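Remarks on the overall topology
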Amino acid sequence: MSTASTALADSAIMLRRNIKHTLRNPITVFNAILFPIVMMLLFVKVLGGGFDVDVPYIDYATPGLLVMTISYGLGATSTAVNDDMTKGIINRFKTMDVSRGAMLTGHVVVTTVRCLVACAAIIGVAFAMGFDPGASAVEWLGVAGVIALVSFAAAWLTVALGLAAKSPEAAGMATVPLIMLPFLSSAFVPSDTMGTGVRQFVEYQPFTPIIESLRGLLAGNPSSGDTFAALAWSVGIAVLGYAWAVSSFKKRA
Amino acid sequence: MTGPPGTLADMNTSAIAVSGLRKAYGDKVVLDGIDFDVPAGSVYSLLGPNGAGKTTTVNILATLMTADAGLVQVAGHDVVTGTKGVRSAIGVTGQFAAVDELLSGRENLQMMADLKRVRSGDKVISGLLERFDLVESAQKLVSTYSGGMRRKLDLAMTLVGNPEIIFLDEPTTGLDPRSRRTMWQIVRDLVADGTTIFLTTQYLDEADELADRIAVLSDGRIAAEGTSDELKRLIPGGHVRLRFTDPAAYRHAASALREEAAKDDETLSLRIPSDGTQRELRSILDWLDSVDIEADELTVHTPDLDDVFLSLTERTTGTTGTTVSHSNSQEAIAK
């Protein structure tokens, strides 16, 4: 077998392992869906009435809640990655002729899939609450693509955070900034209603163009500038996360 | 120092060849130049107190860690330049069970079979489950297993794919006596099949029981190396013990042997130093007859590995230090 196909087969075995872990610990999936739903109810039913946006608030908030769903689910991944490193099983894999990256790609793929499932659930709940998007089939595909790419990028960053952390607890905490960042974006209120300093931060942080690109696609009115910025940020974060993860993995090896 | 091992000539006979191995963590020298050679198909035991560098040695041989200096060949591959070759030839069971808690026992073995691309994996897995007495718990999650069951599963996972060299780092620490014996039997069966075993242990009886050759590691050096009999002969400590039931007979013997024997009034016994040879034993018996001493029980004690271990690890930490260093241990054993 060539190196590439060996690595692919090893990754598939590790992926199967990670999928079994996720299915046996469904609380992580449940948790990743429940919290964003609570946030959705809070913002749409309780707070949303007070915000002045041009569209029904559920239509405005759903893209931001999707991004929040992605970032909220990451804690489980960083904890699982760190757990792998601190338990004996990693040493077994390291003494075997197993592709070094396979252990990490398994986590990345499972995280991406889990994010997509959670986002699908959130969109379902949004529809139940009166979400009325104007997206065409192609634009829906674009939404799925952006969510997948952002999840993939965030997953690599999270794997790196999990590898860099000293304990599983610290690894779980390391993703908290990623949960906080959507609040400092245009997720729940338009950035031009914010104070100057905060607004500048909001406009230049990655979540804002990501949310705006989803908002445009879902409304059937995609903005190529935001979408391009979202893609660029995602690719950048993925590359950074990958490089950091691989170097941390080698250091811990 | 010997020349680099692992040339074509001895590649067929040496499963592991180590020379000049050094490793330090910062200022702390853990391995200070060790050399040894493990013939294929044998059990080699590294014996040493806590912190002597046993696990460090295993980690370097098993490619988990890199050495600061020295040549290490495992299964004919250099651990630095032939890492891949080493990894596909070895199996490692470390001190802490390397099992996946969220998978069942069977799934753990299945994962190993998949990663090692074992053909007819189901047959191999069923065989291992049976051999390690894990059939009943095969479908249960490993998180519900007891410590002993995890240890057994760990070793079973290591055996998937029949590695030619197996590293066992303190494999029976924390096991009950029955499980220890089961583990010993498994090791013997593996050796019978031609597997090479590299075993670290703190239990001297374990090394005595299993190992063809034993190296005593102390202060980062190999203090002595040889078969367990050879090691036992390295140190004095053998004696003949005479035990009496009648206090009067004991007192008579004690006064007759005042010079030669150590007394133990509580157990009514006397100890006469002896090397345990037939000739010396006969002369002791003749002499006892001549002074009209008749003990109720006579036993011959040879030094056990405990004595060897304590004496060797003490000597190298003492100020004289070099009594039995690696450079002359071979000669010491040879005589």
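Calculation criteria
Residues numbered from 1 in each chain as written. Chains lettered and ligands numbered in written order. Predicted model: local features only at pLDDT ≥ 70, side-chain atom pairs only at ≥ 80, totals over all residues. UniProt positions renumbered as here; feature names shortened; annotations may be inferred. Helix = DSSP H or I, 4+ residues; strand = E, 2+ residues; numbered from the N terminus. Buried ≥ 20, exposed ≤ 12 C-beta atoms within 10 Å, placed from the backbone. Contact = placed C-beta atoms within 7 Å. Pairing = 2+ DSSP bridges. Axes fitted to C-alpha atoms, helices over the stretch in contact; angles between N-to-C directions. pLDDT = per-residue confidence, 0-100. Domains from an automatic or database assignment. Parallel < 35°, antiparallel > 145°, perpendicular 65-115°, else oblique. Left-handed = near helix turned anticlockwise from the far one by under 90°. Nonpolar A, V, L, I, M, F, W, Y, C, P; charged D, E, K, R; others polar. Core = buried A, V, L, I, M, F, W, Y, C linked by C-beta atoms within 7 Å.

Looking at an unreviewed UniProt entry, one finds chain A named Transport permease protein, with Streptomyces flavofungini as its source organism. Regarding chain A, the UniProt comment filed under Sequence similarities (unreviewed entry) reads as follows: "Belongs to the ABC-2 integral membrane protein family."

Focus on the environment of K23 of chain B
All names here are of chain B. Assignment of secondary structure puts K23 in strand β1 (residues 14-25). You can call K23 buried: it has 22 C-beta atoms within 10 Å. Residues K23 and A52, 29 residues apart in the sequence, show an inter-C-alpha distance of 12 Å. Look past the residues within four positions of K23 in its chain and what remains in contact with it is V30, L31, T56, I60, A67 and D68.

Some points on unusual backbone geometry
Residues and elements named next belong to chain B. Of note in the backbone geometry, R117 takes a positive phi value of approximately 55 degrees without being a glycine. For R117, the position within the fold is in the loop between α4 (105-115) and α5 (121-131). Classification of R117 as partly exposed rests on a count of 14 C-beta atoms within 10 Å. Phi at D133 is positive, roughly 60 degrees, even though this residue is not glycine. Mapped onto the secondary structure, D133 falls in the loop between α5 and α6 (147-159). Judged by the 12 C-beta atoms lying within 10 Å of it, D133 is exposed.

Section: the UniProt feature "transmembrane region" (unreviewed entry) in chain A
Residues and elements named next belong to chain A. Taken from the UniProt record, the annotation "transmembrane region" (unreviewed entry) applies to residues 27-48, 60-81, 102-128, 140-163, 170-189 and 227-246. Secondary structure across residues 102-128 comprises 100% helix and 0% strand; the distance between its end C-alpha atoms is 39 Å. Across residues 227-246, the secondary structure splits into 100% helix and 0% strand, with the terminal C-alpha atoms separated by 28 Å.

A look at the sheet that holds strand β11 (residues 239-243) of chain B
Backbone hydrogen bonds hold the strands of a sheet together, and the pairing may be parallel or antiparallel. Residues and elements named next belong to chain B. The 4 strands are arranged β12-β13-β11-β14 in an open sheet whose pairing can be described as antiparallel. Each end of this open sheet is capped by a strand with a single partner; those strands are β12 (262-264) and β14 (297-301). Across the sheet, the mean angle separating the axes of adjacent strands is 20 degrees when strand polarity is ignored. Bridging between β11 and strand β13 (residues 269-273) involves 5 bridges; their strand directions are antiparallel. Within β13, the position partnered with R243 by the bridge is S269.

A closer look at the confidence of the model for chain B
Residue and element names in this part refer to chain B. In this model, chain B carries a mean pLDDT of 82, and residues with pLDDT of at least 70 account for 88%. The least confident element of chain B is helix α13 (residues 326-334), whose mean pLDDT is 36; the most confident is α4, at 94. Taken together, the stretch residues 1-11 has pLDDT below 50 and engages in 19 contacts with residues farther than four places along the chain or on a different chain. Across residues 315-335, where pLDDT falls below 50, the model places 24 contacts with residues more than four positions away in sequence or in other chains. Interface confidence for the predicted complex, expressed as ipTM, amounts to 0.80; the pTM equals 0.76.

Some points on the domain arrangement of chain B
Domain annotation for chain B reports domain 1 (8-233) and domain 2 (239-301). If you average the C-alpha positions of domain 1 of chain B and of domain 2 of chain B, the two centres end up 45 Å apart.

Quick look at the packing of helix α1 (residues 3-24) of chain A against α4 of chain B
Direction vectors running N to C along α1 of chain A and α4 of chain B enclose 165 degrees, while the axes themselves pass 9 Å from each other. One way to sum up the angle between α1 of chain A and α4 of chain B is to call them roughly antiparallel. At the point where α1 of chain A passes α4 of chain B, the crossing takes the left-handed sense. Counted together, D10, I13, R17 and K20 of chain A of α1 of chain A and E107, M111, D114 and L115 of chain B of α4 of chain B form the full contact between these two elements.

Considering the interface of chain A and chain B
Often, the extent of an interface is quoted as the loss of accessible area on bringing the components together. The partner chain B presents 20 residues to the 16 residues of chain A that form the contact. Of all the secondary-structure elements, those providing two or more residues to the side of chain A that touches chain B are α1 and α5 (89-94) of chain A. Looking at the side of chain A that touches chain B residue by residue, the classes come out as 4 nonpolar, 5 polar and 7 charged.

Points about the UniProt feature "domain: ABC transmembrane type-2" (unreviewed entry) in chain A
Following the UniProt record, the feature "domain: ABC transmembrane type-2" (unreviewed entry) maps to residues 27-252 of chain A here. Split by type, residues 27-252 of chain A is 77% helix and 0% strand. Its first and last C-alpha atoms lie 29 Å apart.

Focus on the nonpolar core
Core analysis: the largest hydrophobic core is formed by 91 residues, its most contacted members being W156, V159 and I210 of chain A together with L128 of chain B. Tallying contributions element by element places helix α7 (residues 137-164) of chain A first for this core, with 14 residues. Apart from the residues lying within four places of it in its own chain, the contact partners of V159 of chain A are T77, V81, L104, H107, V108, G241 and A245 of chain A.

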